[in-house]
Amino acid sequence: MVAELKVQEIYPTPLWLMDLDEKTRTRLNRDLLKKIHALTEPKPVLPVGGSWQTDPMLQELSEFEELLGLIRKAAKGALDFLQVEYDDFEITSCWANINPTGGKNSSHTHPNNYLSGVYYVAVPKGTGSIDFKDPRVQASAIMPPVKERNAFNGNNVTVPVMEGRLILFPAWLNHEVPVNRGDKERVSISFNIMFTRFTETISPTLWRKGSAPVRMD
Ligand SMILES: [Fe+2]
């Protein structure tokens, strides 16, 4: 008798998605759009493929507090899911992106942070996706043809995006935003999350007192 073949997932990579209800996202996005355009005027001429961005300090502006509260809620949920022990976390940077027709964001990570994410303010029809690259670069060494793509045999995951969707992911995960092929602007707000007082609370060696991070205070 042939034994049953079981599959176990090891080192899975999480993405967290939070979708606002229609009434909330319509109201919030209308408000955010006005504020983002006010912060980016006058808009300089862009190079081909370029995007406009605000200063990455929106987390310091009280007028963005409603969105910042949602970001903190999502981040807490992710840290709870991961069962991370920590004192506190903070939004270390937050900025808006306006991708006009032809605009894109090339593949990148967000160094010096634990989590990163993006919230979608305006997603014109046909422009909504973000690509996440397989962080296991060795896994692409041999890629035979497959009958059907699944979580185990691809090296790129395309996540559809929509207005009012917040996506959170590990800051080390490579991602890119495809070219906006629509005729309207795609607008999003990106952010980073890091542990507050990282060196005092997380950095001390794990092995000094069992497996839990050593608290220095
Ligand atoms: Fe990014």
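Heads up: the structure comes first, above all this text.
The model shown is predicted, which means the values in this text are computed figures rather than measured ones. (Residues numbered from 1 in each chain as written. Predicted model: local features only at pLDDT ≥ 70, side-chain atom pairs only at ≥ 80, totals over all residues.)

Q: Summarise the sheet that holds strand β4 (residues 105-108); cite the residues concerned and give the values.
A: The strand order β4-β9-β6-β7 describes an open sheet built from four strands, whose pairing is antiparallel. Lying at the two open borders of the sheet, with one neighbouring strand each, are β4 and β7 (156-160). Ignoring strand direction, the axes of neighbouring strands in this sheet form an average angle of 15 degrees. For strand β6 (residues 129-133) and strand β9 (residues 175-177), the ladder comprises two bridges, and the chain directions are antiparallel. If you follow F132 over to β9, its bridge partner there is H175. (Pairing = 2+ DSSP bridges. Helix = DSSP H or I, 4+ residues; strand = E, 2+ residues; numbered from the N terminus. Axes fitted to C-alpha atoms, helices over the stretch in contact; angles between N-to-C directions.)

Q: Would you mind going over the sheet that holds strand β2 (residues 52-53) in detail, with residue names and values included?
A: Spatially, β1-β8-β5-β10-β3-β2 is the arrangement adopted by the six strands of the open sheet, whose pairing is antiparallel. Of all strands in the sheet, those with a lone pairing partner are β1 (16-19) and β2, marking the two edges. Bridge analysis of strand β5 (residues 115-122) against strand β10 (residues 186-195) gives seven bridges, and the strand direction is antiparallel. By the bridge assignment, S116 is partnered in β10 with N192. Sitting on the sheet, helix α1 (residues 22-40) touches β2, β3 (89-99), β5 and β10, and the angle it makes with β5 is about 100 degrees. (Contact = placed C-beta atoms within 7 Å.)

Q: Tell me what's going on with the nonpolar core, and back it up with residues and numbers.
A: Judged by nonpolar contacts, the single largest core of 34 residues is most densely connected at A75, Y119, V121, L168, I189 and I193. Among the secondary structure elements, those contributing two or more residues to this core are α1, α2 (65-81), β3, β5, β8 (165-170) and β10. Apart from residues no more than four positions distant in its own chain, A75 is found in contact with F89, L115, L168 and I193. (Core = buried A, V, L, I, M, F, W, Y, C linked by C-beta atoms within 7 Å. Buried ≥ 20, exposed ≤ 12 C-beta atoms within 10 Å, placed from the backbone.)

Q: Could you give an account of the environment of K73, with specific residues and numbers?
A: As for its placement among the helices and strands, K73 is situated in helix α2. It is 32 Å that separates the C-alpha atoms of K73 and K43, two residues lying 30 residues apart in sequence.

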